[in-house]
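Here is how the chains run, residue by residue.
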Amino acid sequence: MKEDSDSGYELGVISCMLELWSFLIRTDLLSAAKNKSESEQELNIQKDMVSFIYQHSPEKISLTDIAAAGHVGRSKCCQIFKHYMQQSPVDFLNTYRLKISCRLLCTTQKSITEIAILCGFNHLSYFSKYFMECYGCTPREYRTLHEHETLLT
(Lines give C-alpha, C1' and ligand atoms only; values in the text may rest on other atoms or scores of the structure.)
Protein backbone atom coordinates (compact mmCIF):
# COMPACT_ATOMS: atom_id res chain seq x y z
CA MET A 1 0.00 0.00 0.00
CA LYS A 2 2.77 2.40 0.81
CA GLU A 3 4.22 1.77 -2.60
CA ASP A 4 0.95 2.98 -4.18
CA SER A 5 0.93 6.30 -2.32
CA ASP A 6 2.30 9.43 -3.84
CA SER A 7 5.85 10.25 -3.08
CA GLY A 8 5.97 12.76 -0.28
CA TYR A 9 2.71 11.45 1.22
CA GLU A 10 4.20 11.42 4.73
CA LEU A 11 5.37 15.01 4.34
CA GLY A 12 1.83 16.02 3.31
CA VAL A 13 0.41 14.36 6.45
CA ILE A 14 3.05 16.05 8.61
CA SER A 15 2.24 19.37 6.95
CA CYS A 16 -1.48 18.94 7.71
CA MET A 17 -0.69 18.06 11.33
CA LEU A 18 1.53 21.12 11.67
CA GLU A 19 -1.22 23.32 10.23
CA LEU A 20 -3.70 21.86 12.70
CA TRP A 21 -1.34 22.48 15.63
CA SER A 22 -0.66 25.98 14.35
CA PHE A 23 -4.40 26.68 14.18
CA LEU A 24 -4.99 25.37 17.72
CA ILE A 25 -2.18 27.49 19.11
CA ARG A 26 -3.24 30.63 17.20
CA THR A 27 -6.87 30.34 18.31
CA ASP A 28 -5.78 29.69 21.89
CA LEU A 29 -7.95 26.57 22.11
CA LEU A 30 -5.21 24.59 23.83
CA SER A 31 -4.47 27.16 26.49
CA ALA A 32 -8.20 27.70 27.15
CA ALA A 33 -8.64 24.01 27.91
CA LYS A 34 -5.52 24.05 30.05
CA ASN A 35 -6.69 27.18 31.90
CA LYS A 36 -10.12 25.62 32.50
CA SER A 37 -8.62 22.52 34.06
CA GLU A 38 -6.24 24.67 36.12
CA SER A 39 -9.19 26.78 37.31
CA GLU A 40 -11.15 23.68 38.27
CA GLN A 41 -8.14 22.34 40.10
CA GLU A 42 -7.63 25.64 41.94
CA LEU A 43 -11.32 25.74 42.89
CA ASN A 44 -11.02 22.26 44.39
CA ILE A 45 -7.90 23.33 46.27
CA GLN A 46 -9.76 26.43 47.52
CA LYS A 47 -12.68 24.27 48.70
CA ASP A 48 -10.30 21.96 50.58
CA MET A 49 -8.60 24.88 52.31
CA VAL A 50 -11.88 26.59 53.24
CA SER A 51 -13.28 23.28 54.55
CA PHE A 52 -10.17 22.90 56.66
CA ILE A 53 -10.68 26.37 58.11
CA TYR A 54 -14.35 25.64 58.87
CA GLN A 55 -13.48 22.36 60.60
CA HIS A 56 -10.50 23.63 62.58
CA SER A 57 -11.30 27.31 63.23
CA PRO A 58 -11.22 27.02 67.04
CA GLU A 59 -7.72 25.51 66.88
CA LYS A 60 -4.43 27.25 66.37
CA ILE A 61 -4.05 27.38 62.58
CA SER A 62 -1.06 28.67 60.64
CA LEU A 63 -0.76 29.62 56.99
CA THR A 64 1.30 26.45 56.56
CA ASP A 65 -1.59 24.37 57.92
CA ILE A 66 -4.06 25.97 55.52
CA ALA A 67 -1.72 25.46 52.55
CA ALA A 68 -1.12 21.83 53.55
CA ALA A 69 -4.89 21.22 53.49
CA GLY A 70 -4.84 22.16 49.80
CA HIS A 71 -1.56 20.34 49.12
CA VAL A 72 0.06 23.57 47.93
CA GLY A 73 2.81 25.87 49.13
CA ARG A 74 2.18 28.96 51.20
CA SER A 75 2.55 31.41 48.31
CA LYS A 76 0.18 29.41 46.06
CA CYS A 77 -2.28 29.27 48.95
CA CYS A 78 -2.17 33.07 49.24
CA GLN A 79 -2.56 33.50 45.48
CA ILE A 80 -5.62 31.24 45.38
CA PHE A 81 -7.28 32.98 48.32
CA LYS A 82 -6.57 36.39 46.85
CA HIS A 83 -8.04 35.31 43.50
CA TYR A 84 -11.20 33.58 44.77
CA MET A 85 -11.86 35.26 48.13
CA GLN A 86 -10.24 38.69 47.63
CA GLN A 87 -8.47 38.33 50.98
CA SER A 88 -5.60 36.48 52.56
CA PRO A 89 -6.13 33.05 54.14
CA VAL A 90 -5.48 34.48 57.61
CA ASP A 91 -7.97 37.32 57.06
CA PHE A 92 -10.54 34.76 55.87
CA LEU A 93 -9.90 32.65 58.98
CA ASN A 94 -10.24 35.61 61.32
CA THR A 95 -13.37 36.89 59.58
CA TYR A 96 -14.95 33.45 59.93
CA ARG A 97 -13.97 33.34 63.60
CA LEU A 98 -15.58 36.74 64.13
CA LYS A 99 -18.84 35.55 62.53
CA ILE A 100 -18.93 32.65 64.96
CA SER A 101 -18.19 34.99 67.86
CA CYS A 102 -21.08 37.26 66.85
CA ARG A 103 -23.47 34.33 66.93
CA LEU A 104 -22.17 33.28 70.35
CA LEU A 105 -22.42 36.83 71.68
CA CYS A 106 -26.10 36.91 70.68
CA THR A 107 -27.12 33.40 71.69
CA THR A 108 -25.14 32.60 74.85
CA GLN A 109 -24.28 34.15 78.16
CA LYS A 110 -20.63 33.06 77.91
CA SER A 111 -18.05 35.65 78.85
CA ILE A 112 -16.32 37.54 76.09
CA THR A 113 -13.04 35.88 77.06
CA GLU A 114 -14.64 32.42 76.76
CA ILE A 115 -16.08 33.29 73.37
CA ALA A 116 -12.74 34.61 72.13
CA ILE A 117 -11.02 31.37 73.15
CA LEU A 118 -13.81 29.17 71.75
CA CYS A 119 -13.46 30.95 68.41
CA GLY A 120 -9.69 30.46 68.22
CA PHE A 121 -8.47 33.85 69.42
CA ASN A 122 -5.78 33.25 72.02
CA HIS A 123 -5.53 36.87 73.14
CA LEU A 124 -8.55 38.87 74.27
CA SER A 125 -6.86 42.14 73.29
CA TYR A 126 -6.33 40.95 69.68
CA PHE A 127 -9.91 39.66 69.51
CA SER A 128 -11.31 42.97 70.80
CA LYS A 129 -9.13 45.07 68.50
CA TYR A 130 -9.97 42.99 65.42
CA PHE A 131 -13.67 42.95 66.37
CA MET A 132 -13.64 46.74 66.67
CA GLU A 133 -11.96 47.10 63.26
CA CYS A 134 -14.56 44.89 61.58
CA TYR A 135 -17.76 45.85 63.39
CA GLY A 136 -17.05 49.35 64.72
CA CYS A 137 -17.87 48.41 68.30
CA THR A 138 -16.54 46.23 71.09
CA PRO A 139 -17.84 42.69 71.58
CA ARG A 140 -19.70 43.87 74.71
CA GLU A 141 -21.35 46.71 72.78
CA TYR A 142 -22.25 44.28 69.99
CA ARG A 143 -23.90 41.95 72.51
CA THR A 144 -25.90 44.82 73.97
CA LEU A 145 -26.96 46.12 70.54
CA HIS A 146 -28.07 42.65 69.41
CA GLU A 147 -29.68 41.30 72.60
CA HIS A 148 -33.11 41.39 70.97
CA GLU A 149 -31.92 38.92 68.28
CA THR A 150 -31.64 36.22 70.93
CA LEU A 151 -35.35 36.59 71.61
CA LEU A 152 -36.22 36.34 67.90
CA THR A 153 -34.32 33.13 67.23
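Worth saying up front: this structure is predicted, and the values here are computed from it rather than measured.

J.: Summarise the packing of helix H5 (residues 89-107) against helix H7 (residues 124-135); cite the residues concerned and give the values.
T.: Contact geometry of H5 with H7 gives a least axis separation of 11 Å together with a crossing angle of 90°. Taken together, the axes of H5 and H7 are roughly perpendicular relative to one another. Where H5 approaches H7, its residues Asp91, Asn94, Thr95, Leu98, Lys99, Ser101, Cys102 and Leu105 are matched on the opposing element by Tyr126, Phe127, Tyr130, Phe131, Cys134 and Tyr135. For the contact of H5 with H7, a count of residues per class yields nine nonpolar, three polar and two charged.

J.: Describe in detail the environment of Ser128, supporting the description with residues and values.
T.: Inspection of the secondary structure assignment puts Ser128 in helix H7. In this structure Ser128 comes out as partly exposed when scored by relative accessible area, which is 26%. Put simply, Ser128 and Pro139 are 11 residues apart on the chain and 6.6 Å apart in space, counted from C-alpha to C-alpha.

J.: Help me get a handle on helix H4 (residues 74-85), residues and values and all.
T.: In this model, H4 (12 residues) spans 16 Å end to end at C-alpha, consistent with the 16 Å of a helix rising 1.5 Å per residue. The set of residues buried in H4 consists of Cys77, Ile80 and Phe81. Along H4, the residues classed as buried sweep out an arc of 100° about the axis, all on the same side. What points out from H4, more than 90 degrees from its buried face, is the exposed set Ser75, Lys82 and His83. Following H4 by one or two positions, Gln86 adopts a phi angle in the positive range, close to 55°.

J.: Lay out the packing of aromatic side chains in plain terms, naming residues and giving numbers.
T.: Across all of its chains, the model carries 10 aromatic pairs by this definition. Ring plane angle 35° and centroid distance 6.2 Å describe the contact between Tyr54 and Phe92, whose orientation is recorded as tilted. Linking Tyr54 in helix H2 (residues 29-56) with Phe92 in helix H5, this pair joins segments that are 38 residues apart in sequence. Taking relative accessible area as the criterion, Phe92 reaches 8% and is therefore assigned buried.

Reading the values: the criteria
- Numbers given for residues are sequential positions, taken from 1 along each chain in its written order.
- For a predicted model such as this one, the threshold for reporting local features is a pLDDT of at least 70, and the threshold for listing and counting side-chain atom pairs is 80 or more; totals across whole chains, interfaces and linings nevertheless cover every residue.
- Based on all heavy atoms of the structure, the side-chain values leave hydrogens and waters out of the count.
- The convention used is that axes are lines fitted to C-alpha atoms, helices contributing only their stretch in contact, and that angles between N-to-C directions extend from 0 to 180 degrees.
- Runs of E in the DSSP output that reach at least two residues are strands. Runs of H or I that reach at least four are helices, and both are numbered from the N terminus.
- In what follows, roughly perpendicular refers to angles from 65 to 115 degrees, roughly parallel to angles under 35, roughly antiparallel to angles over 145, and oblique to any angle outside these ranges.
- Contact between two residues is taken to exist if any of their heavy atoms lie within 4.5 Å; hydrogens are not considered.
- Following the grouping adopted for this structure description, the nonpolar residues are Ala, Val, Leu, Ile, Met, Phe, Trp, Tyr, Cys and Pro, the charged ones are Asp, Glu, Lys and Arg, and the polar ones are all others, Gly among them.
- Working definition: with a 1.4 Å probe on protein chains only, accessible area under 20% of the residue-type maximum means buried, over 50% means exposed, and in between means partly exposed.
- Expected helix span is computed as 1.5 Å times (number of residues minus one).
- The directions from the helix axis to the C-beta atoms form the arc being described.
- In this analysis, rings of Phe, Tyr and Trp, with Trp reduced to its six-membered ring, are considered paired at centre separations within 6.5 Å, and the interplanar angle assigns stacked below 30 degrees, edge-to-face beyond 60, and tilted for intermediate values.

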